[in-house]
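Notes for the structure review
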Amino acid sequence: MDKTKSHGHELKKELDALISRISALEAASTDREKKSLMGVLKVLAENQKHFVDEFEHLKKALDLMMVQIFKMDQAKK
């Protein structure tokens, strides 16, 4: 496995598929309790997708910081 490759896109696709399945189960359910449970599961999956986005942003920010630190270090030499 390539350690430099970002897996965020793949994970977001999987979460989108999961959210679609949960929505279908929620729509097909006739029981109020099951509909509520599907709603909670959907919110959890959507929040997980949001966390993946935020993690990708943090990784990019850290990469940019490291580049700047490297440039400053090289400028000192």
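Below is a summary of the structure that appears in this document. (Residues numbered from 1 in each chain as written. Predicted model: local features only at pLDDT ≥ 70, side-chain atom pairs only at ≥ 80, totals over all residues. Heavy atoms only, no water.)

Attention now goes to the overall build of the protein. Looking only at helices and strands, one finds two helices and zero strands in the protein. At 20 Å, the protein has a C-alpha radius of gyration far larger than the 11 Å of a compact globule built from 77 residues. Expressed along its principal axes, the backbone C-alpha trace of the protein runs to roughly 70 × 25 × 10 Å. Within the span of the protein, comprising 77 residues, buried residues form 12% of the whole. (Helix = DSSP H or I, 4+ residues; strand = E, 2+ residues; numbered from the N terminus. Rg over C-alpha atoms; globule rule 2.2 N^0.38 Å. Buried < 20%, exposed > 50% of the residue type's maximum accessible area, 1.4 Å probe, protein only.)

Before going further, it helps to examine the environment of Phe55. With respect to the helices and strands, Phe55 occurs in helix H2 (residues 32–76). Each C-alpha atom of the pair Phe55 and Lys12 lies 12 Å from the other, and the pair is 43 residues apart in sequence.

Take the side chain of Ser29 next. By the element assignment, Ser29 lies in the loop between helix H1 (8–28) and H2. Ignoring anything within four residues of it in the chain, the contact list for Ser29 reads Lys34 and Lys35. (Contact = heavy atoms within 4.5 Å.)

This part is about H2. Spanning 45 residues, H2 covers 66 Å between terminal C-alpha atoms, matching the ideal 66 Å at 1.5 Å per step. Listed as buried for H2 are Met38, Ala45, Val52 and Glu56. (Expected span 1.5 Å × (residues − 1).)

Glancing now at a nonpolar patch on the surface. A contiguous nonpolar surface patch, about 350 Å² in accessible area, is contributed by Leu37, Val40, Leu41 and Leu44. Among the secondary structure elements, Val40 is positioned in helix H2. (Patch = residues over 30% accessible without salt bridge, like charges linked within 9 Å, V, L, I, M, F, W, Y side chains within 5 Å. Areas by Shrake-Rupley, 256 points an atom, 1.4 Å probe, with all protein chains shown as cover. Salt bridge = Lys/Arg side-chain N within 4 Å of Asp/Glu carboxyl O.)

This part is about the environment of Ser29. For Ser29, a relative accessible area of 12% translates into the label buried. One polar contact links the side chain of Ser29 to the main-chain carbonyl oxygen of Asp31, over a distance of 3.3 Å. (Polar contact = N/O pair within 3.5 Å; in protein donor to acceptor, adjacent residues only side chain to side chain.)

For the pair H1 and H2, the least separation of the axes is 9 Å and the interaxial angle reads 165 degrees. With respect to H2, the axis of H1 lies roughly antiparallel. In the packing of H1 onto H2, the handedness of the crossing is left-handed. Touching Gly8, Leu11, Lys12, Leu15, Asp16, Leu18, Ile19, Ile22, Ser23, Leu25, Glu26 and Ala27 of H1 are Lys35, Met38, Gly39, Leu41, Lys42, Ala45, Glu46, Gln48, Lys49, Val52, Asp53 and Glu56, all from H2. For the contact of H1 with H2, the class distribution of residues is eleven nonpolar, four polar and nine charged. (Axes fitted to C-alpha atoms, helices over the stretch in contact; angles between N-to-C directions. Parallel < 35°, antiparallel > 145°, perpendicular 65-115°, else oblique. Left-handed = near helix turned anticlockwise from the far one by under 90°. Nonpolar A, V, L, I, M, F, W, Y, C, P; charged D, E, K, R; others polar.)

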